[in-house]
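Architecture and fold: a report
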Amino acid sequence: MALSPTFNPIATSRAADVISRCQALAHFSEDSAGLRRTFLSPPMHDCHRAIAEWLKPLNITPTIDAAGNLRAVYPGTDDTAGRLLLGSHLDTVPNAGAFDGPLGVLLPVALLEQLEGERLPFAIELVAFSEEEGVRFGTPFIGSCALVGNYDEEFFNRRDANGISIRQAIQEFGLDPAQLSAARMSDDALAYVEFHIEQGPVLEALNLPLGAVEAIVGQSRLAVTFTGKSNHAGTTPMNARRDALAAAAEWMVTVESEASRTAGLVATVGSIQAHPGATNVIPGEARLTLDVRHKSDAIRSQSVQRLISLAQQIAARRALTLNFATFLNHPAVAMDTFLTAQIETAMRAAGCPAHRMPSGAGHDAMILASRVPAAMIFLRSPGGISHDPAESVLLEDVACAIDCGGHLLKQLSASPEFLQSVGSPATSQRTDPPRG
Ligand code: GLV
Ligand code: MN
Ligand code: MN
């Protein structure tokens, strides 16, 4: 007989709280017209205050580490047994939806509430990461990189569009960059588990509420600049122009057609700026971003090289110059096999078929996996829509995820293999994630 999620009225009421809390956080925005909450922006303070209020009945007082991550520990029965990290991110893309990130912060809060004071043989640390999207500084995963200690001097000096460095941003938020090393995850971390919306159409097409992520695809992010010559739009004949924006447009269409020809490859030019940016001036410079993803690291690297070489050919033919810089070059990351199997068992216990799937989106779990066994649970995304205000979740799917999370905590509490795993190598890769 096919499994179907059991209706659990308590989980359903907790699910309603999770959804309304995500929607409440969505009011804390840098933009009045839509949700935009970037790394260490003022509305992050509002999020931290709201989460602290929701944690008060649990007698948990969160702290904010020097990277702006909110950290909150629910103690276990046994101080020596280690801790399970649960979390996701609080930053958003521009014009965002309410659930990408916050769902993975507030669903664990519901799991803590569901324990009703019961202590588990391990502590649970809730982590609300300050940065995952890469919007403000062009570099993603700043929050999770602080937990794994993957940053350097060059990282502190990166600047946002207003010329503010990461170091200054940390100070302006009221934090001390010198304390960043204290943000590293505790040595007794046993594992990291992240709940997240799928952000794609697969679970909906299969009519499934949840998915167990087996791997997260690799991604490359680059900045690409075509430089030509600005000149008068009325007096410069068409054959005497060095139009950087026209070259960029030609390349963008090439990126789209090249990616469509390679199975499984996705490539996106997500932003473009033309300079000087006036109706009657031929653009002398066009700055673009390129995002390339594939589950095979070799195919991704070859594709990036090919797309850059095509940009160089277009630039040469039009007498322009081309510059590019790589901001992120992250390999595909396998999720931990033990945890993923445990998640599948928990899904079945919640009445939900266990479906394994890859993630095309990047997640904090891919950074944490370098230090600790990591796994992810996806929730169906209605319409496959994400990175858009129409992003949503279904109440029954959130209830099913809470039920699944409750079973997972019980299983891990009874698992000698899990409880003895402090300091043991993860089955996922343990190399330092390159920052590009
Ligand atoms: C995160 O949302 C990503 O770009 O994958
Ligand atoms: Mn996102
Ligand atoms: Mn996300």
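Use the structure listed above.
Now for a description of the structure that goes with this document. Only a predicted model underlies this, so the values are computations on that prediction, with no experimental measurement involved. (Residues numbered from 1 in each chain as written. Chains lettered and ligands numbered in written order. Predicted model: local features only at pLDDT ≥ 70, side-chain atom pairs only at ≥ 80, totals over all residues. Heavy atoms only, no water.)

1. Thoughts on the site of ligand 1
In the region of ligand 1, the neighbouring residues are Glu 132, Glu 133, Arg 221, Arg 293, Ala 361, Gly 362 and His 387. Within the side chain of Arg 221, a nitrogen or oxygen atom sits 3.2 Å from an oxygen atom of ligand 1. Within the side chain of His 387, a nitrogen or oxygen atom sits 3.1 Å from an oxygen atom of ligand 1. Against a free-state accessible area of 200 Å², the protein chains account for coverage of 91% of ligand 1. Here the shell around ligand 1 is built from residues that sort into one nonpolar, two polar and four charged. (Near = heavy atom within 4 Å. Polar contact = N/O pair within 3.5 Å; in protein donor to acceptor, adjacent residues only side chain to side chain. Areas by Shrake-Rupley, 256 points an atom, 1.4 Å probe, with all protein chains shown as cover. Nonpolar A, V, L, I, M, F, W, Y, C, P; charged D, E, K, R; others polar.)

2. What to know about helix α9 (residues 297-317)
End to end, α9 covers 30 Å across 21 residues, agreeing with the expected 30 Å (1.5 Å per residue, within 8%). Within the sequence span of α9, burial applies to Arg 300, Ser 303, Val 304, Leu 307, Ile 308, Leu 310, Ala 311, Ile 314 and Ala 315. Buried residues of α9 fall within an arc of 155° about the axis and therefore sit on the same side. Counted as exposed and oriented over 90 degrees from the buried face of α9: Gln 302, Gln 305, Ala 316 and Arg 317. Close packing links the buried residues of α9 with β7 (218-227), α8 (244-261), β9 (266-268), β12 (285-294) and β13 (321-330). Backbone nitrogen of Ala 298 and a side-chain oxygen of the N-cap are separated by 3.3 Å at the start of α9; the cap is Ser 296. Immediately beyond the C-terminal end of α9, within one or two residues, lies Ala 319, with a positive phi of roughly 60°. (Helix = DSSP H or I, 4+ residues; strand = E, 2+ residues; numbered from the N terminus. Expected span 1.5 Å × (residues − 1). Buried < 20%, exposed > 50% of the residue type's maximum accessible area, 1.4 Å probe, protein only. Arc of directions from axis to C-beta. Contact = heavy atoms within 4.5 Å.)

3. Notes on the nonpolar core
Judged by nonpolar contacts, the single largest core of 81 residues is most densely connected at Leu 103 and Val 398. When residues of this core are assigned to their parent elements, the largest contribution, nine residues, is made by helix α12 (residues 395-413). Among all residues touching Val 398, those that are not within four sequence positions of it are Ala 15, Val 18, Ile 19, Leu 103, Leu 107, Leu 379 and Val 393. Residues Leu 208, Ile 367, Ala 369 and Ala 374 belong to the second largest nonpolar core, which totals 27 residues. (Core = buried A, V, L, I, M, F, W, Y, C linked by side-chain atoms within 4.5 Å.)

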